[in-house]
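# Overview (structure and organization)
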Amino acid sequence: MKTDHFESWLAVDARGLFCRPGGFHIDPHGAVPRAVITHAHSDHARSGHDHVLATRETLAFMETRLGAAAHLGSQAVAYGETVQIGEVTVKLVPAGHVLGSVQVVIEWRGRRVVISGDYKRSADPTCLAFELVACDLFITEATFALPVFQHGEAQGEVAKLLKSLTQFPERAHVVGVYGLGKCQRLIAMLREAGYVEPIFLHGALAACCEVYETFDVRLGTLKPTTGAERDELKGAIVMAPPSAISDRWPRRLPDALNAFASAGCGCAPGRASAASSCRS
Ligand SMILES: [Zn+2]
């Protein structure tokens, strides 16, 4: 078998991308005997696998969100650690996407393939930075590769949010964020920008924030929105899943001003911007 014919050892079957000499799928669409998972977003990490190999962080998110990450067992692999699976070696390197996210580096008979998963190259205080790996074949996702997707520079968008708080101190600033990644990145960037006030969370966002804290990503004081005094929420930042913002939920807040953290972690008070297909 010639390894430069990558189709001979990497194939797409009904469950997704399959590595034949390793005997595993990468981010499979359905339950498989052996899965390597790039990160814990629901379009990559699904339940029902017999065995899952991923970072400790990804396994923790999977267990929080899906219950047990795998039926028979899971294997936590550290960044940069090389493991043998069947005939191939596998190494997980940072993808810069969310806490625990990786690119999967597979080597077989002198050839190296990198499978990116979702990745980003802009700075993110909540996860390790994307690492460039030389390879013979790069398999990537490109959800936002089209020029039509233009996201604001993240720090500038955070500054707009903070400015809006000073302009509208009586209004609750409700920011729609996906629960894993966007939420914590925006919180961390607000903290970097000097915002020290408590940030209020919709109940659906709490569990992933707790996992981040478990892995020493400091998010400052977070409070549940439920039970908060109405006066406490005036001029406060309240984070909620996008679905809650379009629901009746913000009506309980004082004169809610809605914003949405986009795929580029832009945040635009008063308008919605491009939504990520990379679901929480
Ligand atoms: Zn993702």
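Being a predicted model, the structure only gives us computed values, none of them experimental. In this convention, every chain numbers its residues from 1, walking through the sequence in written order. This being a predicted model, a pLDDT of at least 70 is required before a residue's local features are given, and a value of 80 or more before pairs of side-chain atoms are given or counted; all residues contribute to the totals for chains, interfaces and linings.

## Observations concerning unusual backbone geometry
The phi dihedral of Arg109 is positive, around 50°, even though this residue is not glycine. To qualify as a helix, a DSSP run of H or I must reach at least 4 residues; to qualify as a strand, a run of E must reach at least 2; elements of each kind are numbered from the N terminus. Topologically, Arg109 is positioned in the loop between strand E9 (102-108) and strand E10 (111-115). The residue Asp255 is not glycine, and still its phi comes out positive at about 45°. Here Asp255 shows up in the loop between helix H6 (242-245) and strand E16 (257-260).

## Considerations on the packing of helix H1 (residues 56-66) against helix H4 (residues 206-214)
Between N-to-C directions, angles cover 0 to 180 degrees, with each direction set by a line fitted to C-alpha atoms, over the stretch in contact for helices. Packing of H1 against H4 leaves a shortest axis separation of 10 Å and a crossing angle of 155°. The angle between H1 and H4 places the two elements in the roughly antiparallel class. Judged by the sense of rotation from one axis to the other, the crossing of H1 with H4 is right-handed. Contacts between H1 and H4 involve Ala60, Phe61 and Thr64 on the former and, on the latter, Ala207, Cys208, Val211 and Thr214. For this classification, under 35 degrees means roughly parallel, over 145 means roughly antiparallel, 65 to 115 means roughly perpendicular, and everything else is oblique. By definition, turning the near helix anticlockwise from the far helix through less than a right angle yields a left-handed crossing, and turning it clockwise yields a right-handed one. Here, residues touch in the contact sense if the C-beta positions derived from the backbone fall within 7 Å of one another.

## Some thoughts on the domain arrangement of the protein chain
Looking at the assigned domains, one finds that the protein chain contains domain 1 (6-139) and domain 2 (154-260). The C-alpha centroid of domain 2 is placed 31 Å from the C-alpha centroid of domain 1. Listed as interface residues are 13 residues of domain 1 and, on the opposing side, 15 residues of domain 2. Residues are sorted three ways: Asp, Glu, Lys and Arg are charged, Ala, Val, Leu, Ile, Met, Phe, Trp, Tyr, Cys and Pro are nonpolar, and all the rest, Gly among them, are polar. Residue composition of the side of domain 1 that touches domain 2, grouped by class: 6 nonpolar, 5 polar and 2 charged. Delimitation of the domains relies on an automatic or database domain assignment.

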